[in-house]
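One letter stands for each residue in the lines below.
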Amino acid sequence: MWGALPFGVRFEKIRTRVEAYRMGMRAILEGAGEDSFLLGCNAPMWPSLGLVHGMRVTNDISRNFDSIKEVAREGFFRNWQNNRLWINDPDTVLLRNSDKVVPDPEGKPAKINTGLSRSEFLYNASYVLASGGMVLAGDNLAEFTEQNRADLNKLLPPLGQAAVFETDDHAVGRIALEKKEILCVFNPEDGGRDFPVQVKKTAKAVDFWTGEELGVWTRGTRTVRVEGRSAAVVVLEFTGE
């Protein structure tokens, strides 16, 4: 983004900052070659059109739920960009807590754990799934548990198809795939909530994260219960009826 800021000094002084930025990015793209993949991160979006293959579409994520919730909100508003302007980068998927060292009241280093629940981590992972974009691991993979590995593998390979949301609160999104649909229901609030969802065709329902079979869902309105600070992801495999 620095190349596009107004206070820069440009070699060709007649160029606007956007022109200069695009000239610089075009040189990088040409130098990297046809097989390259350029990811814009902290890059100005519209001046980067046609010059990057991927684009970060949110702020940086951190291991607290306020950050996870806000990053998802930002990304959902830009789901439409995926595979139209570039491949969206929803920022990294986080699946485990991390110890961090901070000074205590006396100034001595103290280790604290980030303390997120599995449900909160799966909210983040479900958002990455619903983005339809890149899957970039943000944890130390050497410290992964079997559950961490299983959750990450569920996201691979990326679907490439972003969820389409029915309302501006981004509560219920649908990823349309061949012969099935992935239903993503998000509840960022503290308390549990029932969400009415429309089932368009009779389908076998399977929990995306656990693989649990949820029975046959017939056409019509169905209620999906989602606990607070969590998300439900259900794969609907259409039976053809």
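Computed from a prediction, not measured in an experiment: that's the story for all the values here.

1. Re unusual backbone geometry
Line of reasoning, step 1. Residue Pro 157 is bonded to the preceding Leu 156 through a cis peptide linkage, with omega at -10°.
Line of reasoning, step 2. In this model, Asn 83 sits at a positive phi of 65°, which is unusual for a non-glycine residue.
Line of reasoning, step 3. For Asn 83, a relative accessible area of 52% gives the class exposed.
Line of reasoning, step 4. Of note in the backbone geometry, Lys 179 takes a positive phi value of approximately 65° without being a glycine.
Line of reasoning, step 5. Among the secondary structure elements, Lys 179 is positioned in the loop between β7 (172–177) and β8 (180–187).
Line of reasoning, step 6. Of the residues examined, Lys 179 reaches a relative accessible area of 66% and is grouped as exposed.

2. Details of the sheet that holds strand β1 (residues 39–40)
Line of reasoning, step 1. Ordered by their spatial adjacency, three strands build an open sheet running β1-β2-β3, and the pairing between neighbours is parallel. Each edge of the open sheet is held by one strand with a lone partner, namely β1 and β3 (87–89).
Line of reasoning, step 2. Note: β1 against strand β2 (residues 54–56), two bridges, orientation parallel. Looking at the pairing, Gly 40 lines up with Met 55 of β2.

3. Examining empty space enclosed by the protein
Line of reasoning, step 1. Under the definition given, this model contains one cavity of 30 Å³ or more.
Line of reasoning, step 2. Size it by volume and the largest cavity reaches roughly 40 Å³.
Line of reasoning, step 3. Forming the walls of the largest cavity are Val 128, Leu 129, Gly 132, Gly 133, Val 135, Leu 155, Pro 158 and Leu 159.
Line of reasoning, step 4. Classifying every residue of the lining of the largest cavity gives six nonpolar, two polar and no charged.

4. A closer look at the packing of helix α2 (residues 65–76) against helix α3 (residues 118–131)
Line of reasoning, step 1. As a packed pair, α2 and α3 sit with axes 10 Å apart at the nearest point and diverge in direction by 15°. As far as their axial angle goes, α3 and α2 are roughly parallel. Once α2 is placed against α3, the crossing between them reads as left-handed. Residues Phe 65, Ile 68, Lys 69, Val 71, Ala 72, Gly 75 and Phe 76 of α2 form the contact with α3, whose participating residues are Glu 120, Tyr 123, Asn 124, Tyr 127 and Ala 130.
Line of reasoning, step 2. Taken together, the residues that form the contact of α2 with α3 break down as eight nonpolar, two polar and two charged.

5. Notes on the pattern of salt bridges
Any two side chains of opposite charge can pair, on the condition that their charged atoms come close.
Line of reasoning, step 1. Evaluated as defined, the whole model comprises 16 salt bridges.
Line of reasoning, step 2. Among the salt bridges present, the one from Arg 15 reaches Glu 12, with a minimum N-O distance of 2.8 Å.
Line of reasoning, step 3. Each of the salt bridges in this network shares a partner with another, and the network as a whole consists of Arg 56, Asp 60, Asp 89 and Asp 91.

6. Details of the pairing of β8
Line of reasoning, step 1. Of all eight residues in β8, seven are buried; the element is thus mostly enclosed.
Line of reasoning, step 2. Taken together, β7 and the strand that follows it, β8, pair antiparallel across an intervening segment of two residues, in which Lys 179 is found at a positive phi of about 65°.

7. Considering the nonpolar core
Line of reasoning, step 1. Ranked by size, the top nonpolar core spans 33 residues in total, and within it Val 93, Leu 129, Cys 184 and Phe 186 carry the most contacts.
Line of reasoning, step 2. At the level of secondary structure, the elements contributing two or more residues to this core comprise α2, α3, β8 and β13 (230–238).
Line of reasoning, step 3. If one sorts the elements of this core by residue count, α3 sits on top with eight residues.
Line of reasoning, step 4. In terms of nonpolar packing, the next biggest core, distinct from the first, is built from 15 residues, Leu 183, Phe 195, Val 234 and Leu 236 among them.

What counts, and at which threshold
- Residues numbered from 1 in each chain as written.
- Predicted model: local features only at pLDDT ≥ 70, side-chain atom pairs only at ≥ 80, totals over all residues.
- Heavy atoms only, no water.
- Buried < 20%, exposed > 50% of the residue type's maximum accessible area, 1.4 Å probe, protein only.
- Helix = DSSP H or I, 4+ residues; strand = E, 2+ residues; numbered from the N terminus.
- Pairing = 2+ DSSP bridges.
- 1 Å grid on protein atoms, 1.4 Å probe; cavity = no way out; pocket = protein on both sides within 12 Å on 5 of 7 lines; lining within 4 Å.
- Points joined across faces, edges and corners; volume = space filled by probe spheres on them.
- Nonpolar A, V, L, I, M, F, W, Y, C, P; charged D, E, K, R; others polar.
- Axes fitted to C-alpha atoms, helices over the stretch in contact; angles between N-to-C directions.
- Parallel < 35°, antiparallel > 145°, perpendicular 65-115°, else oblique.
- Left-handed = near helix turned anticlockwise from the far one by under 90°.
- Contact = heavy atoms within 4.5 Å.
- Salt bridge = Lys/Arg side-chain N within 4 Å of Asp/Glu carboxyl O.
- Core = buried A, V, L, I, M, F, W, Y, C linked by side-chain atoms within 4.5 Å.

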